Amino acid sequence: MELTGINSTNQSYFDPLLFLDGEESDDVLILLGVIHAESPVAAAAFSIDVKGKVGRIVSIYTRPDMRRKKAATMLMNSIDVLAKHYKLLRMECYYTDNMNGLDAFFKARKFDTHQKNNVESVGVSDLLSNKPIQQMLNNKKPSSSVQKIGLIETNQKEALRKKIESNGYGSVGKGIDEDISMVALPRDECSAAILCSAETLETIIVTVMLLVSFTDNPSVTMGLLIEWIDLIVKQYGEEAQIDFYSVNPSVTSFIHSLATPKADVHVMYGEKSIY
Ligand SMILES: CC(C)(COP(=O)(O)OP(=O)(O)OC[C@H]1O[C@@H](n2cnc3c(N)ncnc32)[C@H](O)[C@@H]1OP(=O)(O)O)[C@@H](O)C(=O)NCCC(=O)NCCS
């Protein structure tokens, strides 16, 4: 097995193994790969906040048939060298506990890991079997109020970002630019938003980072949700899985009213100090 850097020339070769969620806001993003017998075996993305002296393992993945042969170890050894080079004080990573082997792997690398948040995981087919959703999808009239974020103006995106932050829904990273993020905008006023991204792991997982409504009118939120489900089905089919991250109690009960979550998935956080 041979370690290699990933650059614009060879990135497409490693793309099936790289899971990059939107753009990284950190200063430096370093991509690394492992090749064996002329095929890609493993890849990692490591981002560095130079000022804060923190390194983040954005993604690390080994092809299932090549696991337990130390490919990910090669990547992490090289990440450790980078951490020294950039004089980092700390390394961190986020992952979910349904990502096979990651928790054990990070623990073996002396990361301190703990649960950060719950994820409500729902199958698209289960959402579709909900009668009211089915009816609304069948009766769906074209809505001028729902737009994909990619289609709205930069200043509207900025207004949405401010609204989300000032309403205490947390800070919104560059993920707001994700292709399938959606927003409801009746009369130029942002009323509800769903920010999400999609990735193909062993199945297609659509990750909802934020589902938020700024209105008391439930039909606006429901309208957005119906358009969004329609889009997900068209784009990814009924086999996709939707993970709702960092859900607050009201969103949790809303999701439970639509479908029974499939499995308890947790967001994990791993951290390691560097001395
Ligand atoms: C976790 C993962 C990266 C490990 O890759 P790998 O190349 O198999 O790892 P290594 O062979 O270098 O393992 C090093 C050590 O980590 C630990 N480890 C790795 N996988 C493990 C597992 N499934 N169970 C228990 N320990 C494990 C072991 O201590 C192992 O050493 P050992 O084999 O001598 O016991 C790989 O299983 C994977 O890609 N899982 C899916 C992760 C994912 O979904 N990533 C996408 C989003 S970030």
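Residues numbered from 1 in each chain as written. Predicted model: local features only at pLDDT ≥ 70, side-chain atom pairs only at ≥ 80, totals over all residues. Heavy atoms only, no water.

K.L.:
Teacher, can you tell me more about the overall build of the chain here?
P.N.:
Within the chain, the secondary structure is distributed over eight helices and 12 strands. Here the chain, with 275 residues, has 47% of them falling under the buried criterion. Counting every atom, the chain has about 14,600 Å² of accessible surface; 50% of that belongs to carbon and sulfur. (Helix = DSSP H or I, 4+ residues; strand = E, 2+ residues; numbered from the N terminus. Buried < 20%, exposed > 50% of the residue type's maximum accessible area, 1.4 Å probe, protein only. Areas by Shrake-Rupley, 256 points an atom, 1.4 Å probe, with all protein chains shown as cover.)

K.L.:
Is there a simple way to explain the side chain of Arg 109 in this structure?
P.N.:
Secondary-structure assignment places Arg 109 in the loop between helix 3 (102–108) and strand 6 (112–123). With relative accessibility at 14%, the residue Arg 109 sits in the buried group. Excluding anything up to four places from it in sequence, Arg 109 contacts Thr 73, Met 76, Asn 77, Asp 80 and Lys 272. (Contact = heavy atoms within 4.5 Å.)

K.L.:
Explain helix 7 (residues 218–236) here, please?
P.N.:
Think of an α-helix as 3.6 residues a turn; residues three or four steps apart then line up on the same face. The end-to-end C-alpha distance of helix 7, which contains 19 residues, comes to 26 Å, matching closely the 27 Å that a straight helix rising 1.5 Å per residue would cover. Looking one or two residues past helix 7, Gly 237 carries a phi angle of roughly 80°, positive in sign. (Expected span 1.5 Å × (residues − 1).)

K.L.:
Looking at this structure, I do not really get the site of the ligand. What am I missing?
P.N.:
Taken together, 20 residues lie around the ligand, and Thr 62, Arg 68, Lys 70, Thr 73 and Asn 100 are the ones closest in. With respect to the ligand, the backbone of Thr 62 contributes an N or O atom lying 2.8 Å from an oxygen atom. Take Asn 100: an N or O atom from its main chain is 2.7 Å from a nitrogen atom of the ligand. For the shell around the ligand, the elements supplying multiple residues, two or more each, are strand 4 (54–62), helix 2 (71–85) and helix 3. Tallied by class, residues from the shell around the ligand come to 11 nonpolar, five polar and four charged. (Near = heavy atom within 4 Å. Polar contact = N/O pair within 3.5 Å; in protein donor to acceptor, adjacent residues only side chain to side chain. Nonpolar A, V, L, I, M, F, W, Y, C, P; charged D, E, K, R; others polar.)

K.L.:
Whenever I open this one, the pairing of strand 4 confuses me. Can you help?
P.N.:
Along any regular strand, the residues point their side chains to alternate faces of the sheet. Counting buried positions along strand 4 gives seven out of nine residues, so the element sits mostly inside the fold. As paired elements, strand 3 (residues 39–49) and strand 4 share eight bridges and run antiparallel to each other. Among the inter-strand pairings, Asp 49 is bridged to a residue of strand 4, identified as Val 54. Counting the residues in the hairpin turn of strand 3 and strand 4 gives four residues, including Lys 53, whose phi is positive at 55°. Relative to strand 5 (residues 90–96), strand 4 runs parallel, the two being bridged by four bridges. From the neighbouring strand, Ile 57 faces strand 5, where its bridge partner is Cys 93. In this fold, the crossover linking strand 4 to strand 5 by way of helix 2 has right-handed handedness. (Pairing = 2+ DSSP bridges. Right-handed = clockwise from strand over helix to strand, strands pointing away.)

K.L.:
When you look at the confidence of the model for the chain in this model, what are you seeing that I'm missing?
P.N.:
Note: predicted coordinates in regions of low pLDDT should not be interpreted at a detailed level. The predicted model of the chain has a mean per-residue pLDDT of 84, with 86% of residues at 70 or higher. At the low end of the mean pLDDT range in the chain sits strand 7 (residues 146–148), at 69; at the high end sits helix 2, at 97. (pLDDT = per-residue confidence, 0-100.)

K.L.:
Mind showing me how you'd approach the pattern of salt bridges here?
P.N.:
A side chain of one charge can pair with a side chain of the opposite charge when the charged atoms of the two come close. Scanning the model with the defined rule gives seven salt bridges in all. The shortest N-O distance in the salt bridge between Arg 63 and Asp 65 comes to 2.9 Å. When its relative accessible area of 22% is taken as the criterion, Arg 63 is described as partly exposed. Between Glu 271 and Arg 90 there is a salt bridge whose closest N-O contact spans 3.1 Å. With Glu 271 in strand 12 (residues 264–273) and Arg 90 in strand 5, this pair connects stretches of sequence that are 181 residues apart. For Arg 90, a relative accessible area of 23% translates into the label partly exposed. Salt bridges linked by common partners bring Arg 56, Arg 90, Glu 92 and Glu 271 together as one network. (Salt bridge = Lys/Arg side-chain N within 4 Å of Asp/Glu carboxyl O.)

K.L.:
Before we go on, may I ask you to explain the packing of helix 5 (residues 131–138) against helix 7 in this structure?
P.N.:
Relative placement of two packed helices is described by the angle separating their axes and the distance separating the axes. For the pair helix 5 and helix 7, the least separation of the axes is 10 Å and the interaxial angle reads 80°. As judged from the angle between their axes, helix 5 and helix 7 are roughly perpendicular. Listed contacts from helix 7 to Ile 133, Met 136 and Leu 137 of helix 5 are Met 222, Ile 226, Ile 229 and Asp 230. Of the residues that constitute the contact of helix 5 with helix 7, the class distribution is six nonpolar, no polar and one charged. (Axes fitted to C-alpha atoms, helices over the stretch in contact; angles between N-to-C directions. Parallel < 35°, antiparallel > 145°, perpendicular 65-115°, else oblique.)

K.L.:
Looking at this structure, how should I read helix 6 (residues 154–166)?
P.N.:
If you check helix 6, its first and last C-alpha atoms are 18 Å apart, about what 13 residues at 1.5 Å a residue would give, namely 18 Å. Of the residues making up helix 6, those classed as buried are Lys 157, Leu 160, Arg 161, Lys 163 and Ile 164. Down the axis of helix 6, the smallest arc covering the buried residues is 165°, so these residues share one side. Exposed positions of helix 6 whose direction lies more than 90 degrees from the buried face are Asn 155, Lys 162 and Ser 166. Directly after helix 6, the chain includes Gly 168, whose backbone phi takes a positive value near 75°. (Arc of directions from axis to C-beta.)

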